[in-house]
Amino acid sequence: MKLDFHPESHMMTHGYKPELSEGAIKPPVFQTSTFVFKTAEEGKAFFEAAYGLRNPEPNEELGLIYSRINNPNLQILEERLCLFEGVEECAFFVSGMSAISTVMLEFLKPGDLLLYSLPLYGGTDHFINHFLSSIGVKSLGFRPDQTKEEIIKMVDESGMAHNLSLIYVETPANPTNSLIDIRMCSEIADHFKDQNRSVYLAVDNTYMGPLWSKPHQCGADIVIYSATKYIGGHSDLLAGAILGSSDIMLRIKTLRTFLGNRASPHTSWLLMRSLETLKLRMEQQARNAKKVAEYLRGHPKISKLYYLGFLTDSSKDYEIYQKQYSSPGAMLAFEIEGNEPEAFRFLNNLKLIKLAVSLGSTESLVQHPASMTHIAMCPDLKKSIGITDSLVRLSIGVEHFEDLIKDIGAALDAV
Ligand SMILES: *Cc1c(COP(=O)(O)O)cnc(C)c1O
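Description of the structure in this document. What you see is a predicted model, and the numbers here were worked out from it, not measured in a lab.

Description of the nonpolar core
No. 1: In terms of nonpolar packing, the biggest core is built from 89 residues, with Phe92, Leu115, Ile167 and Phe346 touching the most fellow members.
No. 2: Split by domain, this core shows at least three residues from each of two domains, domain 1 (67-275) and domain 2 (278-413).
No. 3: Once residues lying within four places of it in the same chain are set aside, the contact partners of phenylalanine 346 are Phe334, Ile336, Val392, Ile408, Ala411, Leu412 and Val415.
No. 4: By size, the runner-up hydrophobic cluster in this structure holds 31 residues, among which are Val103, Met104, Ile252 and Ala370.

Observations concerning the packing of aromatic side chains
No. 1: Summed over the entire model, instances satisfying the criterion amount to nine aromatic pairs.
No. 2: When the centroid spacing of 5.2 Å and the interplanar angle of 25° are considered together, the rings of phenylalanine 127 and phenylalanine 131 count as stacked. Here phenylalanine 127 pairs with phenylalanine 131, and both are found in helix α5 (residues 122-131), just four residues apart, close to one helical turn.
No. 3: We classify phenylalanine 131 as partly exposed; its relative accessible area is 37%.
No. 4: Look at phenylalanine 334 and phenylalanine 346: their rings are 5.7 Å apart centre to centre, the planes differ by 75°, and that puts the pair in the edge-to-face class. Placement of phenylalanine 334 in strand β9 (residues 331-336) and of phenylalanine 346 in helix α12 (residues 340-348) is noted, with a sequence separation of 12 residues between them.
No. 5: Look at phenylalanine 346 and you get buried, because its relative accessible area is 0%.
No. 6: Pairwise contacts between aromatic rings join Phe37, Phe46, Phe47 and Tyr51 into one cluster.
No. 7: Above the ring of phenylalanine 310, the side-chain terminus of arginine 297 is found at 3.7 Å from the ring centroid.

Structural notes on helix α4 (residues 96-107)
No. 1: Taking 1.5 Å per residue, 12 residues should reach 16 Å; α4 reaches 17 Å between its end C-alpha atoms and fits that length.
No. 2: Buried residues dominate α4, accounting for 10 of its 12 residues.

Details of the sheet that holds strand β4 (residues 164-170)
No. 1: With mixed pairing, seven strands are arranged side by side in an open sheet as β1-β7-β6-β5-β4-β2-β3. With partners counted over all chains shown, the strands left at the sheet margins are β1 (89-93) and β3 (138-142), one partner each. Ignoring which end each strand starts from, the neighbouring axes of this sheet average 20° apart.
No. 2: Here five bridges tie strand β2 (residues 113-117) to β3, and the two strands are oriented parallel to one another. Note that in β3 the partner of leucine 115 across the bridge is leucine 140.
No. 3: Where α5 meets the sheet, it contacts β2, β3 and β4, and its direction lies at approximately 155° from that of β2.

As for the sheet that holds strand β10 (residues 354-355)
No. 1: Across the sheet, which stays open at both edges, the five strands sit in the order β8-β9-β12-β11-β10 with mixed pairing between neighbours. Edge strands, defined here as strands with exactly one partner in the open sheet, are β8 (302-306) and β10.
No. 2: As paired strands, β9 and strand β12 (residues 391-395) are joined by five bridges and run antiparallel to one another. In the strand pairing of β12, phenylalanine 334 is matched with valine 392.
No. 3: Along the sheet, helix α10 (residues 278-297) contacts β8, β9 and β12; its crossing angle with β9, the most-contacted strand, is approximately 15°.

The rules behind these values
Residues numbered from 1 in each chain as written. Predicted model: local features only at pLDDT ≥ 70, side-chain atom pairs only at ≥ 80, totals over all residues. Heavy atoms only, no water. Core = buried A, V, L, I, M, F, W, Y, C linked by side-chain atoms within 4.5 Å. Buried < 20%, exposed > 50% of the residue type's maximum accessible area, 1.4 Å probe, protein only. Domains from an automatic or database assignment. Contact = heavy atoms within 4.5 Å. Phe/Tyr/Trp six-rings, centres within 6.5 Å; stacked < 30°, edge-to-face > 60°. Helix = DSSP H or I, 4+ residues; strand = E, 2+ residues; numbered from the N terminus. Lys NZ or Arg CZ within 6 Å of the ring centre and 35° of its normal. Expected span 1.5 Å × (residues − 1). Pairing = 2+ DSSP bridges. Axes fitted to C-alpha atoms, helices over the stretch in contact; angles between N-to-C directions.

Next up, the structure:
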């Protein structure tokens, strides 16, 4: 199909053939483990294609064999997310962590070096520093305030520069929205690659994608999502996604087949529903976040506010923001005058906004990073990136913004 419509216009129908499902307007849930071959010859041909033992015919689609390899719900979903991201291939997983660990296992071998941005999502950090380290993968973290030259120097001085295989970046970083320059990271990858060694750049785009940021256009090879967050958007499922070029995705999908960690038919079906309203939801969430941020900015009990819409023209983050993002998004963090008791009083007095981790859902969620999502982080790092005891993180939903402000205002009054 020639794609001259906007991605959101394709989300209801793309990749689905009603004539194969009794004319049903929506895809049924293909809740099946295996698929019947018409003939033994067909089964053989499907396997040959799946195992790369022959070149596929022009326009040949991979035949359905077994749901760990492929399933119609999964396939339609993957084709649709590709349209939003503007890349060749996509793979969905049972969770964001499953997507992240699959990338790291595919692109890092014992003895390799991983370079990553700080801070990372807690689960990702744990996988690097507890699992990968135990199988001999070395790693180095860099902070958002380090320059390209400083990072290259740090890698050189580690003595492991010739083992660098993967650069892994999370931006905007959780919870304070600090930004990492993806183009700079791609230049660092280019600096260290040679004829014998590829250095890939992976970006966790959970916070801003796929609507407001397209890391591929800034030089990323691999884009990763926790689809549990904005893509799923209803706090009712766990999933992850990876997007990239066909050659990279062939490696990732092959490992997925053998790890057996692809998203289920039912989860894929739910995610197709989610994609239909992704743009609507995220735009409403961003509008609400702007109103809430404007309210918080003038509030006497707020001592610090992290919101990408308030970056100043002269800052380094503003420069990166201009290159990488088309909206400030719907994630806020702020410090309340005081300490943990004041932050907790605020959290305990919210009525509409729920106290829970996770983000990107239709309902607004609030949490306390220092004692919750970032509790295991080393205290020095916590301090250096602004995770104080009075910091709270807010994920804005689709409620009426006046009600969100009313709820926040009443809880601040109780502090
Ligand atoms: C939630 C999250 C993850 C992990 O995803 P799960 O779906 O919970 O496994 C990874 N990265 C970021 C930025 C996240 O917010």
